[in-house]
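Next come the chains, spelled out residue by residue.
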Amino acid sequence: MSRNIIEKSAVTITEAETAIRKTEEGKLIFTRYRNKNGVFLIRRDRLTAAAFPDDSRVGGIYLARVANVVKNINACFVEIGPGEICFLPMKEARIPFLTNRPFDGRILEGDELPVQIVRDAQKTKQPSVTAHISLANDYFALTPDLQKAGFSAKLTKEQRNGLKSLLEEAGILCGGCLVPLKANNIGNGNMAPASNDSDLILTKSSDFPPVPEGMPAPGLIVRTRAAEFAEGTPAQLKEQFLPLWQEYITFFREASHRTCYSCLKKADTIDNLMDRILNQLIDVSEFSEIVTDDQSLYPQIEEYFKAHLPETSLRLYEDSLLSLSKLYSLDSRVEEALNVHVWLKSGGYLMIQPTEALTVIDVNSGKYEGRKEDAFLKVNLEAAEEIARQIRLRNLSGIIIVDFINMEESKSRVAVMECLKENVRRDKVKTVVVDMTPLGLVEITRKKITKPLREALSEKK
């Protein structure tokens, strides 16, 4: 007896569905994950970076009170709220803006000053703050300094020279220093002189409002994106600089009238969130499209990118039958990022084991078979590339020790070190390959900014 088998109709995948699945050029995903707002970079079908920015207060500015000064560690502890203690190294308070008394070169218990969070609390450590408040836009940053201009290390020598000339033509720089308030007019402690407009040396166009009395005089940092104007006009640079200068003046003027523990600038605004992601974690060249299923977040992201990166594609995902998390298999990708074992295509594998003091990464040949030196070199080269990706993805920081497979030839060891250095350069967080020890262990250090991925996911929202 035969049965009639009804043939199923073929499933047709639309062009839109095909496009959203492609990750060759990179997709930046904003979605809820484990009850947290998550940001995921998927590139060439691999999870490259993940962050949970809602957990971070980096960039937030508070009017703090000095709780106590600890001279033997050259630091002090400040309160940004009742009982909320933060760590302030004295080197980060060389030019503080005290709101309750004139600065006389000392920081004393009870002093009130604005501080900016530069690192979140990690395990038993309090958040770290700086008294050198930095205000920035896409092209410049202003921070209390000796009025000198610094340039992003990513700018080429030609770009730096071109920008410096344009800034001088715009009346913003003169001899490498900011013009709005000449260095020879700065009073003690690098504060602005008494507020007498006749004493202030303004720019050629007098467009810059003067620095109020007692305010720390700023230094200028020219950021990487300013390269867009390297062959532009002075007027274009001036147009970007003036609003930031006004913001700096307004910020300190208002801070002097606020009460202690006031939040002077929130860290959770969409601008701060996007700035943290694009400045600290992900480069705009790593993705061609942003995808989100958060209808409340979509218009905010759209507004930000229209103002800052209008060429970036943005998509609102609205398929109720298949969540964005399922579409990109985030669960399995994240689980892989938390595993101790990481398999390599060659058959080798990594063992990644974080400890209290450092992280240890062991490279093993595993199932790979081949002539000894060639085999070990191939596995080590693949491991070097994967190690750089895993450090960034897991957000490992501090001291990292890598035990590569031992190789006899010095040229093989040099090749592995060069490969590792080349790959860690792609990380926006400062990562340094220090050296190889006599035992063949490679030392890496990575700046601590936010919590490791494992720690961020283990905390309940």
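Residues numbered from 1 in each chain as written. Predicted model: local features only at pLDDT ≥ 70, side-chain atom pairs only at ≥ 80, totals over all residues. Heavy atoms only, no water.

**Regarding the overall build of the protein**
Thinking step 1. Counting its regular elements, the protein contains ten helices and 23 strands.
Thinking step 2. For the protein, the residues scored as buried account for 48% of the 461 residues in total.
Thinking step 3. Considering only residue pairs separated by 6 or more positions, the protein has 64% of its internal contacts joining residues 24 or more positions apart.
Thinking step 4. By element, 50% of the accessible surface of the protein is carried by carbon and sulfur atoms, the whole surface being about 24000 Å². (Helix = DSSP H or I, 4+ residues; strand = E, 2+ residues; numbered from the N terminus. Buried < 20%, exposed > 50% of the residue type's maximum accessible area, 1.4 Å probe, protein only. Contact = heavy atoms within 4.5 Å. Areas by Shrake-Rupley, 256 points an atom, 1.4 Å probe, with all protein chains shown as cover.)

**A few points about the environment of M407**
Thinking step 1. Within the fold, M407 resides in the loop between strand 21 (398-403) and helix 9 (410-424).
Thinking step 2. The spatial distance from the C-alpha of M407 to the C-alpha of F376 is 6.8 Å, given a sequence separation of 31 residues.

**Thoughts on the pairing of strand 20 (residues 358-364)**
Thinking step 1. Sheet analysis places strand 19 (residues 349-354) next to strand 20, joined by six bridges and oriented antiparallel. From the neighbouring strand, M351 faces strand 20, where its bridge partner is D362.
Thinking step 2. The turn linking strand 19 back onto strand 20 is made up of three residues.
Thinking step 3. When strand 20 meets strand 21, the two strands line up parallel, connected through five bridges. Of the residues in strand 21, the one forming a bridge with T359 is I400. (Pairing = 2+ DSSP bridges.)

**Structural notes on the pattern of salt bridges**
Thinking step 1. This model, assessed by the stated rule, comprises 20 salt bridges.
Thinking step 2. A salt bridge links E289 to K27, with the shortest nitrogen-to-oxygen separation between them at 3.4 Å. In this pair, E289 is assigned in strand 16 (residues 289-292) and K27 in strand 1 (residues 27-33), connecting sequence segments 262 residues apart.
Thinking step 3. Among the residues examined, E289 registers a relative accessible area of 7% and is labelled buried.
Thinking step 4. One connected set of salt bridges, linked through shared partners, spans R101, D104, R106 and D111. (Salt bridge = Lys/Arg side-chain N within 4 Å of Asp/Glu carboxyl O.)

**Side note on the nonpolar core**
Thinking step 1. The biggest cluster of nonpolar side chains holds 34 residues, and the ones touching the most others in it are F140, L220 and F241.
Thinking step 2. Looking at this core, the elements with two or more residues in it are strand 4 (61-70), strand 10 (140-144), helix 2 (157-169), strand 14 (218-222) and helix 3 (234-255).
Thinking step 3. The dominant element in this core, judged by the number of residues it contributes, is helix 3, at nine residues.
Thinking step 4. For L220, the residues in contact, after removing those within four places along its chain, are F140, A141, L142, K148, A149, G150, L167, I172, L173, L178 and F241.
Thinking step 5. Of all hydrophobic cores here, the second largest spans 28 residues; its members include I361, A375, F376 and V416. (Core = buried A, V, L, I, M, F, W, Y, C linked by side-chain atoms within 4.5 Å.)

**Considering the packing of aromatic side chains**
Thinking step 1. For the structure shown, the criterion picks out eleven aromatic pairs.
Thinking step 2. An angle of 90° between the planes, with centres 5.1 Å apart, marks the rings of F251 and F252 as edge-to-face.
Thinking step 3. The structure contains a cluster of three or more aromatic residues connected by ring pairs, namely F97, Y248, F251 and F252. (Phe/Tyr/Trp six-rings, centres within 6.5 Å; stacked < 30°, edge-to-face > 60°.)

**Observations concerning the packing of helix 8 (residues 372-394) against helix 9**
Thinking step 1. Running from amino to carboxyl end, helix 8 crosses helix 9 at an angle of 15°, the nearest separation of the two axes being 8 Å. Here helix 9 runs roughly parallel to helix 8, going by the angle between their axes. Judged by the twist between their axes, the crossing of helix 8 over helix 9 is right-handed. For the pair helix 8 and helix 9, contact is made by E373, L377, N380, L381, A384, E385, I387 and A388 and by S412, A415, V416, C419, L420, N423 and V424, respectively.
Thinking step 2. A breakdown of the residues in the contact of helix 8 with helix 9 according to their chemical character gives ten nonpolar, three polar and two charged. (Axes fitted to C-alpha atoms, helices over the stretch in contact; angles between N-to-C directions. Parallel < 35°, antiparallel > 145°, perpendicular 65-115°, else oblique. Left-handed = near helix turned anticlockwise from the far one by under 90°. Nonpolar A, V, L, I, M, F, W, Y, C, P; charged D, E, K, R; others polar.)

**Details of the sheet that holds strand 21**
Thinking step 1. Across the sheet, six strands lie side by side as 18-19-20-21-23-22; this open sheet has mixed pairing. One side of each edge strand has no neighbouring strand; the edge strands of this open sheet are strand 18 (341-343) and strand 22 (431-436). Taken pair by pair, the neighbouring strands of this sheet meet at an average axis angle of 20°, ignoring direction.
Thinking step 2. Its contacts with the sheet put helix 8 on strand 18, strand 19, strand 20, strand 21 and strand 23 (441-446), and the angle it makes with strand 20 is roughly 150°.
Thinking step 3. Sheet strands in contact with helix 9 are strand 22 and strand 23, and its direction is about 165° off that of strand 22.

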